[in-house]
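These are the residues of each chain, in order.
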Amino acid sequence: MSQAVIVDKLSVHYTIEQQPEPIVALDEIDLSVKKGELVTIIGPSGCGKSTLLHTIGGLISPTSGSIHIDGTPLLGPDPKRATFVFQEYTLLPWKNLVENVALGLKFAGIDRASRTARAMEQLKLMRLEQYAHMHPDQVSGGMQQRVAVARALAMEPQLILMDEPFGALDEQTRMMIGAEISRIFTLENRSALFVTHSLDEAVFLADRVILLTTRPGRIKEEIIVDEPRPRTRKFLETRRFVDIRSHLFASLDVPAGDREGADT
Amino acid sequence: MHGGATAVTAGWLVAAWNSAAVHRTTILLCTLALWEAISRLGVVDPIFLPPPSTIVLAVTEIFDDPRAVAAFRVTGLELGLSFVIAAVLGLAIGIPLGLNRFLRDAFLPPILFLLSTPKAIFLPIFLILFGIGVDSKIAYGAFSAFFYIVDNVVGGVGLLEAKRRRLARAFGAPLRHYLVDIVIPSALPGIFAGMWHGLRQALAAVLVAELFASDSGVGYMVRIYTNQFRTDKTLALVAVVSLLVIVAGSLFNRLEVRMNRWRAVAHT
Ligand SMILES: Nc1ncnc2c1ncn2[C@@H]1O[C@H](COP(=O)(O)OP(=O)(O)O)[C@@H](O)[C@H]1O
Ligand SMILES: [Mg+2]
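Computed from a predicted model, the values in this text were never measured in an experiment.

Asks: Just to check I follow, could you spell out a nonpolar patch on the surface for this structure?
Replies: Residues and elements named next belong to chain B. Side chains of Leu77, Leu81, Ile85, Leu89 and Ile93 sit close together on the surface and give an oily, nonpolar patch of about 400 Å² of accessible area. Here Leu77 lies in helix α4 (residues 66–99). Of the residues examined, Leu77 reaches a relative accessible area of 47% and is grouped as partly exposed.

Asks: Could you clarify how one ought to interpret the sheet that holds strand β6 (residues 82–85) of chain A in this entry?
Replies: The strands making up a sheet are joined through hydrogen bonds of the backbone, oriented either antiparallel or parallel. Residues and elements named next belong to chain A. Pairing in this open sheet of six strands is mixed, and the strands run β6-β7-β8-β3-β9-β10 from one edge to the other. In this open sheet, the two edge strands, each paired with only one partner strand, are β6 and β10 (219–224). The mean angle between the axes of side-by-side strands here comes to 20 degrees, regardless of whether they run parallel or antiparallel. Summarising the sheet, strand β3 (residues 38–42) and strand β8 (residues 192–195) pair through four bridges and their orientation is parallel. Bridging across to β8, Leu38 finds its partner in Ala192. Of the strands in this sheet, β3, β6, β7 (159–163), β8 and β9 (208–212) touch helix α1 (residues 49–56), which is tilted by about 150 degrees from β7.

Asks: For this particular structure, what's the right way to read the sheet that holds strand β2 (residues 23–34) of chain A?
Replies: Residues and elements named next belong to chain A. Here we have four strands laid out as an open sheet, ordered β2-β1-β4-β5, and antiparallel in their pairing. The open sheet has two free edges, formed respectively by β2 and β5 (72–73), since each of these has just one partner strand. By the bridge criterion, two bridges tie strand β4 (residues 64–69) to β5 in an arrangement that is antiparallel. By the bridge assignment for β5, His68 is matched with Pro73. On the sheet, α1 packs against β1 (3–14), β2 and β4 and is oriented at approximately 120 degrees with respect to β1.

Asks: How should the confidence of the model for chain B be read in this particular structure?
Replies: The predicted coordinates of low-pLDDT regions are not to be read in fine detail. Summing up the model confidence of chain B, the mean pLDDT is 89 and the portion of residues at 70 or higher is 95%. Interface confidence for the predicted complex, given as ipTM, is 0.88, next to a pTM of 0.83.

Asks: Before we go on, may I ask you to explain the layout of surface pockets in this structure?
Replies: Sizing a probe to match a water molecule and rolling it over the atoms shows the empty space that remains. All names here are of chain B. What the largest pocket holds in volume is close to 380 Å³. Taken together, 13 residues line the largest pocket, and the ones lying closest to its centre are Leu32, Trp35, Ile55, Val56 and Ala239. Put simply, the parts of the chain that give the lining of the largest pocket at least two residues each are α2 (20–40), α3 (52–62) and α11 (231–259). With five residues, α11 is the single largest residue contributor to the lining of the largest pocket. Broken down by class, the residue content of the lining of the largest pocket amounts to twelve nonpolar, one polar and no charged. Here the lining of the largest pocket spans two domains, and each of domain 1 (2–44) and domain 2 (56–266) adds at least three residues to it. By volume, the second largest pocket is sized at about 260 Å³. Lining the second largest pocket are 13 residues, and of these Leu79, Leu203, Val241, Leu244 and Val245 sit closest to its centre. Those elements that place two or more of their residues in the lining of the second largest pocket are α4, α9 (175–212) and α11. Looking at the lining of the second largest pocket, its residues break down into ten nonpolar, two polar and one charged.

Asks: Would you take a moment to explain the site of ligand 1 for this structure?
Replies: Residue and element names in this part refer to chain A. Near ligand 1 the following residues occur: Tyr14, Ile23, Ala25, Ser45, Gly46, Cys47, Gly48, Lys49, Ser50, Thr51 and Arg215. Contact with the protein chains removes 64% of the 570 Å² of surface that ligand 1 exposes when unbound. Take the shell around ligand 1: its biggest share by element is three residues, from α1. When the residues that make up the shell around ligand 1 are grouped by side-chain class, the tally is four nonpolar, five polar and two charged.

Asks: What is the right way to look at the packing of α9(B) against α11(B) in this model?
Replies: The relative placement of two packed helices comes down to the angle between their axes together with the axis-to-axis distance. Residues and elements named next belong to chain B. Interaxial distance between α9 and α11 falls to 11 Å at its minimum, and their mutual angle equals 165 degrees. Taken together, the axes of α9 and α11 are roughly antiparallel relative to one another. Every pair of crossing elements has a handedness; the one defined by α9 and α11 is right-handed. Between α9, through Leu188, Phe192, Met195, Trp196, Leu203 and Leu207, and α11, the contact on the second element is made entirely by Val241, Val245, Ala248, Gly249, Phe252, Leu255, Glu256 and Met259. Grouping the constituent residues of the contact of α9 with α11 by class yields twelve nonpolar, one polar and one charged.

Asks: Would you explain helix α8 (residues 162–170) of chain B in this entry?
Replies: Turning to α8(B), its buried residues number three or more, namely Arg164(B), Leu167(B), Ala168(B) and Ala170(B). Buried residues along α8(B) sit in contact with β6, α3 (103–107) and α5 (141–153) of chain A together with α9 of chain B. Gly172(B) occupies a position one or two residues after α8(B) and carries a positive phi of about 65 degrees.

Thresholds applied
- Residues numbered from 1 in each chain as written.
- Chains lettered and ligands numbered in written order.
- Predicted model: local features only at pLDDT ≥ 70, side-chain atom pairs only at ≥ 80, totals over all residues.
- Heavy atoms only, no water.
- Patch = residues over 30% accessible without salt bridge, like charges linked within 9 Å, V, L, I, M, F, W, Y side chains within 5 Å.
- Areas by Shrake-Rupley, 256 points an atom, 1.4 Å probe, with all protein chains shown as cover.
- Salt bridge = Lys/Arg side-chain N within 4 Å of Asp/Glu carboxyl O.
- Helix = DSSP H or I, 4+ residues; strand = E, 2+ residues; numbered from the N terminus.
- Buried < 20%, exposed > 50% of the residue type's maximum accessible area, 1.4 Å probe, protein only.
- Pairing = 2+ DSSP bridges.
- Axes fitted to C-alpha atoms, helices over the stretch in contact; angles between N-to-C directions.
- Contact = heavy atoms within 4.5 Å.
- pLDDT = per-residue confidence, 0-100.
- 1 Å grid on protein atoms, 1.4 Å probe; cavity = no way out; pocket = protein on both sides within 12 Å on 5 of 7 lines; lining within 4 Å.
- Points joined across faces, edges and corners; volume = space filled by probe spheres on them.
- Nonpolar A, V, L, I, M, F, W, Y, C, P; charged D, E, K, R; others polar.
- Domains from an automatic or database assignment.
- Near = heavy atom within 4 Å.
- Parallel < 35°, antiparallel > 145°, perpendicular 65-115°, else oblique.
- Left-handed = near helix turned anticlockwise from the far one by under 90°.

Have a look at this one:
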């Protein structure tokens, strides 16, 4: 398998006005994602997960280091190479669901007929085609987030960047969408970096889990989840899942009082 | 059976009593009746305050006067052109100011300053620059409306959330699409408020300018009729203008509801 993305010694510092020392959000991160691989990133709040994702997607310029997608350096946002699914769905309420899915294609200058056809395909994949002409406010939060995923997939990007995309959803909806994502990403051979604060989600979705340290963000550990995809809920009850999950839980090394909060 | 009918009548009365529109209409009719009475009974001189029935007759009279009909056409033209100029300039300047903090810091203060200045003191300058005809009315109307439009457009664009800007950037929106698909729909409430205030402001400015110095238009006809002590015809002009404003307002509201249908959907 070839590499979809290579991140080399990536550092990001935030300089704040009237503060002499910059905040080191990321410190020399090395990371790669293979074609078709789904990598999840987990780590304590404020450790730089969003910064990492936004930088890889070109929304933040690195202080040092480089990002290569499919062999060429990424210097700014390029939705055909790296596409975002944000935590807040950020659908446009004045557009219906197909138009929302087709948004990136419209921005890319693709004509209405072909972009609508491509958007409809993605909605079908998400089993949302019968809602195509509804507006975001008329469907549930879970459906809205699936539309946001479809909007990213419609770009057919080399890498999908997902920053706690299902964080606002209830556990049951989240697992259902997780299984859906596992199915579609496997089917379409999509590469993805997926930030989550849910241990279950991290293990369930990933080919590989990356654990970040508290600030400055560095890679603490990588764990391979050697289980064929797509996965079903049954995987959640297997010995292997439980072992990896408890290993990660121990590695997160949260103060005892915060333990409950770590996996919610 | 009988009791049921009474209950229905009572229910209807309660509904009427609770209806704001019924109260409003009742007060309006009472005022008109009182006005009619004091004018007819000679409590006030009907020359200075003619009764409503006389004004209604005067309305039909002024529509027989070709000068009055022409006056409405002239004022309508002045209003339309001044509003279009103000709207185009207001959007062209308001949107960049709303999007860019630096431009806003640099240029919004003088605009707000002029917004709060009584525009009437500039009127003589417009008459000197553009003459006594329609040009000065158009320019002065556009000038008066512009500040209201810019102020509201800047406020509307300010409603654009950071997450939508980020969405546009992440999905590579070209400027044209950024404006049409994201900025303007987000700013519609402010844009509508600006257009409505601007339209009213332009109408007020055009009429004041015509009253001040002109050779045509509704304001000019008001001057002619008052000079002839035709209070009835003057009030007839006022009534027609007020009616047109009310009609325009409800059309505007309808348009706003239509354009913001997605917002209405969100509330159901
Ligand atoms: N725009 C910014 N300016 C200054 N500091 C920031 C900015 N964004 C994030 N940070 C800081 O960088 C660190 C990492 O933030 P973030 O990447 O959002 O973490 P996470 O997503 O893991 O919670 C935090 O300490 C945060 O306060
Ligand atoms: Mg974050």
